[in-house]
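Coordinates in review
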Amino acid sequence: MNETMVCAVGNVATQPVYRELASGASARFRLAVTSRYWDREKNAWTDGHTNFFTVWANRQLATNAGASLSVGDPVVVHGRLKVRTEAREAQSWTSADIDAVAIGHDLARGTSAFRRTTRPEAGAAPPPTEPNWETTAGDSAVQASQQRPEPVAVT
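The helix and strand inventory of the protein stands at 2 helices and 6 strands. Order of helices (α) and strands (β) in the protein, N terminus to C terminus: β-β-β-β-α-β-β-α. Total accessible area computed for the protein in this model is approximately 11900 Å², and 52% of it derives from carbon and sulfur atoms.

Encoded structure:
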């Protein structure tokens, strides 16, 4: 209950790394968050300091993030902030991680097409599809191939 929840807006800095573990799917990537401010002397926007966070996603969020995100994508990440300090080789290292609850493309900087994922039940057959009675037989095959996205393979 007493966790530090953050919302970070930035860019995907590294290609997401996806893993299937015994406990479920896991993915991680680095997020670059750069502050911007108005410089009155230059009369222009100027980039400030860049903070880097390691974003961790689990289960279905990991699967969807691995299939949806690429380096450079503008994203919004909401999750639990975890700051860790450790000593390695007589030096102190501090890292900031975000255990993501939600990740999405930043629609203020571009467009995105949402595709709902389905989880088939074990042993269940896929539901029958209803034909489109508004078009001819040749057109319905073309429309069906355009409407159903191909499954994304995650490696």
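Structure's up, so let's keep going.
Right, let's get into the pattern of salt bridges. In the structure shown here, the tally under the stated rule is 6 salt bridges. Across the salt bridge formed by Arg36 and Asp47, the nearest N and O atoms sit 2.6 Å from each other. Note that Arg36 is positioned in strand S3 (residues 24–39) and Asp47 in strand S4 (residues 44–58), a separation of 11 residues in sequence. Accessibility expressed as a relative area gives 49% for Arg36, which makes it partly exposed. For Asp47, a relative accessible area of 48% puts it in the partly exposed group.

Moving on, we get to the environment of Ser68. You can see Ser68 is positioned in helix H1 (residues 59–68). Overall, Ser68 belongs to the partly exposed group, its relative accessible area being 42%. Taking the C-alpha atoms as reference points, Ser68 and Pro16, separated by 52 residues in sequence, lie 9.4 Å from one another. Apart from residues no more than four positions distant in its own chain, Ser68 is found in contact with Asp73 and His105. Engagement of the side chain of Ser68 in a polar contact is seen with the backbone oxygen of Asn64, the distance being 2.8 Å.

As a further point, take the nonpolar core. Of all hydrophobic cores here, the largest spans 14 residues; its most connected members are Phe29, Leu31, Val55, Leu69, Val75, Val77 and Ile98. Only strand S1 (5–12), S3, S4, strand S5 (74–88) and strand S6 (91–105) provide two or more residues apiece to this core. Excluding its chain neighbours within four sequence positions, the residues that come into contact with Ile98 are Val6, Ala8, Phe53, Thr54, Val55, Trp56, Val77, Gly79, Arg80 and Leu81. Core analysis: the second largest hydrophobic core is formed by 5 residues, Tyr18, Ala25, Ala27 and Ala62 among them.

Quick look at the pairing of S1 now. Strand direction decides the pairing type here: S1 and S5, joined by 7 bridges, are antiparallel. Along S5, the bridge assignment pairs Val6 with Gly79.

All right, on to the packing of aromatic side chains then. This structure, assessed with the given rule, holds 1 aromatic pair. Geometrically, the ring pair formed by Trp38 and Trp45 is edge-to-face, given 5.6 Å between the ring centres and 75° between the ring planes. Given the relative accessible area of 41%, Trp38 is considered partly exposed. The aromatic ring of Trp93 is capped on one face by Arg88, whose charged end is 5.1 Å from the ring centroid.

With respect to the element layout, Arg115 can be found in the loop between S6 and helix H2 (137–147). Counting along the chain gives 51 residues from Arg115 to Asn64, while the straight-line C-alpha distance between them is 9.9 Å.

Another aspect to go through is unusual backbone geometry. Despite not being glycine, Arg59 has its phi angle at roughly 55°, a positive value. Counting through the fold element by element, Arg59 comes out in helix H1. Its relative accessible area of 59% is what places Arg59 among the exposed residues. Residue Ala90 is not a glycine yet carries a positive backbone phi of 65°. Within the secondary structure, Ala90 is located in the loop between S5 and S6. Note on Ala90: relative accessible area 86%, which makes it exposed.

Rules behind the numbers
Residues numbered from 1 in each chain as written. Predicted model: local features only at pLDDT ≥ 70, side-chain atom pairs only at ≥ 80, totals over all residues. Heavy atoms only, no water. Helix = DSSP H or I, 4+ residues; strand = E, 2+ residues; numbered from the N terminus. Areas by Shrake-Rupley, 256 points an atom, 1.4 Å probe, with all protein chains shown as cover. Salt bridge = Lys/Arg side-chain N within 4 Å of Asp/Glu carboxyl O. Buried < 20%, exposed > 50% of the residue type's maximum accessible area, 1.4 Å probe, protein only. Contact = heavy atoms within 4.5 Å. Polar contact = N/O pair within 3.5 Å; in protein donor to acceptor, adjacent residues only side chain to side chain. Core = buried A, V, L, I, M, F, W, Y, C linked by side-chain atoms within 4.5 Å. Pairing = 2+ DSSP bridges. Phe/Tyr/Trp six-rings, centres within 6.5 Å; stacked < 30°, edge-to-face > 60°. Lys NZ or Arg CZ within 6 Å of the ring centre and 35° of its normal.

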